[in-house]
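Working through the structure, step by step
For reference, the chains in residue letters:
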Amino acid sequence: DEAWAKVVSVIHGIGNLALSTSNYNSSDSNSLPTLHVETYRKCGLVKTSEQVSKWDNPENFVDNIIERTKEIKQFISEYVLNKNDIWK
């Protein structure tokens, strides 16, 4: 349907990514993002767990992913690109 097509259009973007061990990723499967919060916490992904803890309504997933993408890009810009001459 139309709602799922919108999700698919952003699902492989940076805002939908979270690093997790293969064991955790496998056991979490493709469930709701809010169900992965503990996995992110165990992996030390504090900001990700905070963000995803609010992802409980699939109708908002596209906006959630887009917002998280902006936050990730902002972090990279502030703390990686602008703080290290190697990346300039």
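Our subject in this report is the structure included herewith.

Conventions used here
- Residues numbered from 1 in each chain as written.
- Predicted model: local features only at pLDDT ≥ 70, side-chain atom pairs only at ≥ 80, totals over all residues.
- Heavy atoms only, no water.
- Helix = DSSP H or I, 4+ residues; strand = E, 2+ residues; numbered from the N terminus.
- Buried < 20%, exposed > 50% of the residue type's maximum accessible area, 1.4 Å probe, protein only.
- Contact = heavy atoms within 4.5 Å.
- Areas by Shrake-Rupley, 256 points an atom, 1.4 Å probe, with all protein chains shown as cover.
- Salt bridge = Lys/Arg side-chain N within 4 Å of Asp/Glu carboxyl O.
- Axes fitted to C-alpha atoms, helices over the stretch in contact; angles between N-to-C directions.
- Parallel < 35°, antiparallel > 145°, perpendicular 65-115°, else oblique.
- Left-handed = near helix turned anticlockwise from the far one by under 90°.
- Nonpolar A, V, L, I, M, F, W, Y, C, P; charged D, E, K, R; others polar.
- Expected span 1.5 Å × (residues − 1).
- Core = buried A, V, L, I, M, F, W, Y, C linked by side-chain atoms within 4.5 Å.

1. Let's talk about the overall build of the protein chain
Scanning the protein chain from terminus to terminus reveals five helices and zero strands. Of the regular secondary structure in the protein chain, the N- to C-terminal order runs α-α-α-α-α. Split into buried and exposed, the 88 residues of the protein chain put 24% on the buried side. Contacts spanning at least 24 positions in sequence make up 41% of the contacts within the protein chain whose residues lie at least 6 apart. Of the accessible surface of the protein chain, which amounts to about 6,500 Å², a share of 54% is contributed by carbon and sulfur atoms.

2. Some thoughts on the pattern of salt bridges
Scanning all chains against the criterion turns up two salt bridges. With its nearest N and O atoms 3.8 Å apart, the salt bridge here joins Glu2 to Lys6. Residue Glu2 and its partner Lys6 are both found in helix α1 (residues 2-10); the two are separated by four residues, about one turn of the helix. A relative accessible area of 44% means that Lys6 is categorised as partly exposed.

3. Looking at the packing of α1 against helix α5 (residues 61-81)
The geometry of α1 relative to α5 is characterised by a closest axis approach of 9 Å and an angle of 20 degrees between their N-to-C directions. The angle between α1 and α5 falls in the class roughly parallel. The two elements α1 and α5 cross, and the hand of that crossing is left-handed. In contact with Lys6, Val7 and Val10 of α1, α5 contributes Phe61, Val62, Ile65 and Ile66. In the contact of α1 with α5, the residues fall into six nonpolar, no polar and one charged.

4. Describing the environment of Phe61
Relative to the assigned elements, Phe61 resides in helix α5. Phe61 sits in the buried class, given a relative accessible area of 12%. Residues Phe61 and Val7, 54 residues apart in the sequence, show an inter-C-alpha distance of 6.7 Å. Contacts of Phe61, omitting those with residues within four sequence positions, involve Val7, Leu32, Pro33, Trp55 and Asp56.

5. Topic: α5
Between its first and last C-alpha atoms α5 spans 28 Å; for 21 residues at 1.5 Å apiece the expected length is 30 Å, and the two agree. Of the surrounding elements, those touching the buried residues of α5 are α1 and α4 (46-52).

6. Some words on the nonpolar core
Among the nonpolar cores identified, the biggest contains nine residues, and these are Val7, Val10, Val37, Tyr40, Val52, Trp55, Phe61, Val62 and Ile65. For this core, the elements supplying multiple residues, two or more each, are α1, α3 (37-42) and α5.

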